[in-house]
Amino acid sequence: MAAQQTCGNFTILDAPEYEDVLQCMRCGFCLPTCPTFVLTGRERSSPRGRVALARAVSEGKLDFNQAMKEEAFFCLDCRACTTACPSGVKAGEVMEVCRAQVHQQIPAPKWQGALRNLVLKKMVPNPGLMETSMVPARLYQKLGIQWLVRNSKILKLGPTWIDKAEGMLPELHRPLRPQLPDLSLAQGEKRGTVAFFLGCVMTLLYPEVSRQTVKVLNHQGFDVITPKEQKCCGAPHLTEGDRETTREIAAFNLDLFLDLDVDAIVTDCAGCGAALKEYEEILAERKDHERLSLFHQKIKDISEFLCERGIRTEGLKPVDKSVTYHEPCHLCHAQGISKQPRELIKAIPGVDFREMKEASWCCGSAATFSLKFTDESQKILDRKLENVRKTEAEILVTANPGCHLQLAWGLREANMPQPVLHITELLGLATPD
Amino acid sequence: MIAQDAMQQLEQALGKEKLVTAREDLLVLGYDSTPGLHATPDLVVYPTCTEDVVKVVEVARDFNIPLTPRGSATGLSGGSIPINGGIVICLNKMNRILEIDEENLTATCEAGVVTLDLFNAVAEKGLFYPPDPGSQKISTLAGNVMEDAGGLRGLKYGVTRDYVMALTCVLADGSMISTGGKSVKDVAGYAFKDLLVGSEGTLGIVTEITVKLIPPPQTKQTFLAYFDNIRTAGEAVSKIIAAKIIPSTMEIMDKATINCVEDYVGIGLPRQMAALLLIEVDGHPAVVAEEAEALKAILDEVKAAEVHQAKDAQDAMKLAEARRTALSALARVSPTTLLEDATVPRSKLADTFTLIEQLTEKYQLTVGTFGHAGDGNLHPTVLCDERNEDEMKRAHAFYDELYEQVLAWGGTVSGEHGIGIAKKGYLAKQIGSGGVEVMRRIKSAFDPQGIMNPGKIFANEGE
């Protein structure tokens, strides 16, 4: 009997593959690595339980119901279970696909649907619109309204997530995308040319970080090309279950970047990197599989890239600080990049590197999880902060804007002194201008 | 279905928040790691103390509802699957370590403490709890006790049974017994504790456990030996034992297992080798040095293809961790992983490997074999697809024939996974109908109504 496709109570478009859920042998190795299971002790909120639920839906034993919707979004998509699973089950991805089922099977109120379409289909894919939309937020800070709002505690009156969202906003600068030159030149002996994939959150909220990324790449001997037409990587659409728009964006970015003559496509955002590396699967329907796999091979996280090429330490200034490192889930679990950032940090002269406990445990940010589940997110964050505290390090380094926002906010709320730096900001401190 | 009166009483006794009735919750609380087995309970309860357990048992007794205890559901024989429906009693929220007694070298824990958490907690005090089943990162202590779990260190340090000193247990009539204690010696009456260990939840529900601790070994050395032929690996094991060396660990993996594990961990295991042995000797430095030398000499003598020594403790731990993933890693290859637990006297190891090879050929199957070679405990694992009926038939024929010979050699049908649902048929072949009958009588003395994990170990009368 040949293996057959079973869809059961999933709709055919964007359903989890039956083979993928059948692969789980229920050993439970994922349970202790899953933040939502550890938090709740509830089997259905564990990777094993979620995969079993997906299997039950596939087999027609369970409707795609409210509980499936809850689990699809309660899953942090941190992928710790993927790392832990010896059988190669990807429970996080199964849940990500289930999010697409939510929108097909459980209709949201009209206004929500309209808002979602406006944001995901109109705004996010259009960098110009996104940049304009940030102007009011910058004015809000520049004109002192933020100071007023924060001190008046007016936000305590609304839903918690608004208060938290406002609190998380870093100091805003002009978006980086329009400022970056199309080509910035390597310094010293040239070692190659890379294209820079500049994520939306990086250009809008952390322009100074990505500026450092380009500076570091140049100093390390690489020409950096930044194509201005590039669109969002599609990660927000994936996490919100809009796989249709993801496919459109992915096709656009793939063709744009593959037309460039570069050694690698580098990003400094772990979330973007993970999504870009998933294009091969997302666009699997396309016939040009060689192009898809070529694109995959070229995508490199900044740490991955610098370690592969070897970091040039000559000319680096010492940074006499103790440093600890939080691993972004989308770097260590989704991309398997764990050693490289540590190698880079240790390569900086003067740095005293201190490993924290559970460095690869999620910080509770997880895209919009931190706003949707503020309580649970706080508990996961507290666990992380405690581990940071114990290292007594002066600087907390990470490599993803989602973690960056959450950790910086958490440290400030907990009155902890550590600044959060992106790994290229730390490298930037060591790199002469 | 649970009678409405029973539900009301449970709600009153425990509070609603400890009861789970939603279909999507029940669906995921009726499996363990045994392939192909699943049942849906009618109700799941999460007690947080022994008194809660007593209250649940009282209601189950009064309404004659089957009770199935469950920890993390990592079992490999179906012990925690509620095949008759009824109530699943999930003990993993009772997870406090109550005491580590350094004067008596004991630890007392609630049922749901995770094995590795206990190991780590006592290690902080310079003590050692040796039993280390493959699933130690998530398996619970009561689960280990009920299945009498083994592990990688069984050869030298024994299994869970060897460390249980006292148990608190709720019986089917709602009464509580405490059996054993912190005394090293205890011959007061029947050894209930020993009867309860390995009873798979059929005699009562364990809520509290006191275990023996020992001082950790001062040092250890870890070796990896590769073989061109799995039979040679079997001979090496027999020779090491015959040379009166008792390693703390002596684990085997065949080629299929090596490749699957390497796919997962990527630490450079040799993919072309027919088998590897992971051997660890521990204890006093002088003894370890002596045993290591003798070990190397034997491995040379049997012509192991290569012998490597772990660089340091971290390196050694990586190897042990890799071995622990063997079963789950094999699951990469095919949708269904049928695992068995055949155990033979160690002198028969090489013959067993030959037999497995022959049967694999005969039934045209893909089989990966790994296990605790030093204990004669092997896990021949058939990699198959439950949707392929013919293949499943051949797989079962493979095991039937294997077990027939294993029993003829004086082996056992289960070294460490228990009988549960999966191996009921084989048990009678091993201990005979007389043996099963005595077990039934013991069961009915403890549980005349038959509400404690019914349908496990032996078939109900008339079944």
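Calculation notes
Residues numbered from 1 in each chain as written. Chains lettered and ligands numbered in written order. Predicted model: local features only at pLDDT ≥ 70, side-chain atom pairs only at ≥ 80, totals over all residues. Heavy atoms only, no water. Phe/Tyr/Trp six-rings, centres within 6.5 Å; stacked < 30°, edge-to-face > 60°. Buried < 20%, exposed > 50% of the residue type's maximum accessible area, 1.4 Å probe, protein only. Lys NZ or Arg CZ within 6 Å of the ring centre and 35° of its normal. Domains from an automatic or database assignment. Contact = heavy atoms within 4.5 Å. Buried area = accessible area lost by both parts, 1.4 Å probe. Helix = DSSP H or I, 4+ residues; strand = E, 2+ residues; numbered from the N terminus. Pairing = 2+ DSSP bridges. Axes fitted to C-alpha atoms, helices over the stretch in contact; angles between N-to-C directions. Parallel < 35°, antiparallel > 145°, perpendicular 65-115°, else oblique. Left-handed = near helix turned anticlockwise from the far one by under 90°. Nonpolar A, V, L, I, M, F, W, Y, C, P; charged D, E, K, R; others polar. Salt bridge = Lys/Arg side-chain N within 4 Å of Asp/Glu carboxyl O. Polar contact = N/O pair within 3.5 Å; in protein donor to acceptor, adjacent residues only side chain to side chain.

Caption draft 1: Expanded view of the packing of aromatic side chains. With the rule as written, the count across this model stands at 14 aromatic pairs over all chains. Between the aromatic rings of Phe398(B) and Tyr399(B), the centroid separation amounts to 5.2 Å while the plane-to-plane angle is 75°, which identifies the pairing as edge-to-face. Judged by its relative accessible area of 0%, Phe398(B) falls in the buried class. The structure contains a cluster of three or more aromatic residues connected by ring pairs, namely Phe74(A), Phe369(A) and Phe373(A). Seen from the ring of Trp361(A), Arg383(A) lies directly overhead, with NZ or CZ sitting 4.1 Å from the centre. Between the NZ or CZ atom of Lys93(B) and the centre of the ring of Tyr46(B), over which it lies, the distance is 4.6 Å.

Caption draft 2: Representation of the domain arrangement of chain B within the structure. All names here are of chain B. One can read the domain layout of chain B as domain 1 (4-90), domain 2 (97-212) and domain 3 (219-408). Distance between the C-alpha centres of domain 1 and domain 2: 22 Å. Contacts between the two partners involve 15 residues from domain 1 and, on the opposite side, 16 residues from domain 2. When domain 1 packs against domain 2, the two sides together hide about 1200 Å² of surface, and 65% of this comes from carbon and sulfur.

Caption draft 3: Spotlight on unusual backbone geometry. Notably, Glu392(A) is not glycine yet its phi reads approximately 55°, a positive angle. Mapping Glu392(A) onto the fold places it in the loop between α23 (374-391) and β8 (395-398). Phi at Ala73(B) is positive, roughly 55°, even though this residue is not glycine. Secondary-structure assignment places Ala73(B) in the loop between β3 (67-70) and β4 (87-90).

Caption draft 4: Here's a closer look at the sheet that holds strand β2 (residues 192-197) of chain A. Residues and elements named next belong to chain A. Here five strands make up an open sheet; going across it, the order is β1-β3-β2-β4-β5 and the pairing mixed. Each end of this open sheet is capped by a strand with a single partner; those strands are β1 (183-184) and β5 (299-301). Its contacts with the sheet place helix α16 (residues 270-277) against β2, β4 (264-267) and β5, and it is angled at close to 155° to β5.

Caption draft 5: Here's a closer look at the packing of helix α19 (residues 302-309) of chain A against helix α21 (residues 339-347) of chain A. All names here are of chain A. Orientation of α19 relative to α21, taken along the N-to-C sense of each, is 65°, at an axis distance of 8 Å. The angle between the axes of α19 and α21 places the two elements in the roughly perpendicular class. Crossing angle aside, the handedness with which α19 passes α21 is left-handed. Packed against α19, whose contacting residues are Ser303, Glu304, Leu306 and Cys307, the element α21 presents Gln340, Pro341, Glu343 and Leu344 at the interface. Class assignment of the residues belonging to the contact of α19 with α21 gives a composition of four nonpolar, two polar and two charged.

Caption draft 6: How the structure looks around the interface of chain B and chain A. Facing the 37 residues of chain B at the interface are 36 residues of chain A. Each partner contributes to the roughly 2800 Å² buried at the junction of chain B and chain A, and carbon and sulfur atoms together form 54% of this total. The largest per-residue losses of area from chain B upon contact with chain A belong to Glu24(B), Tyr31(B) and Arg387(B), which jointly make up 24% of the total buried on that side. Ionic pairing is found between Arg70(B) and Glu43(A), a salt bridge with its closest N-O pair at 3.1 Å. Counting every contact that joins chain B to chain A gives 21 residue pairs in polar contact (both at pLDDT 80 or more). Broken down by secondary-structure element, the contributors of at least two residues to the side of chain B that touches chain A are α2 (23-27) and α12 (326-330) of chain B. It is α2(B) that contributes the most residues to the side of chain B that touches chain A, four residues altogether. Per-class residue counts for the side of chain B that touches chain A are 15 nonpolar, eleven polar and eleven charged.

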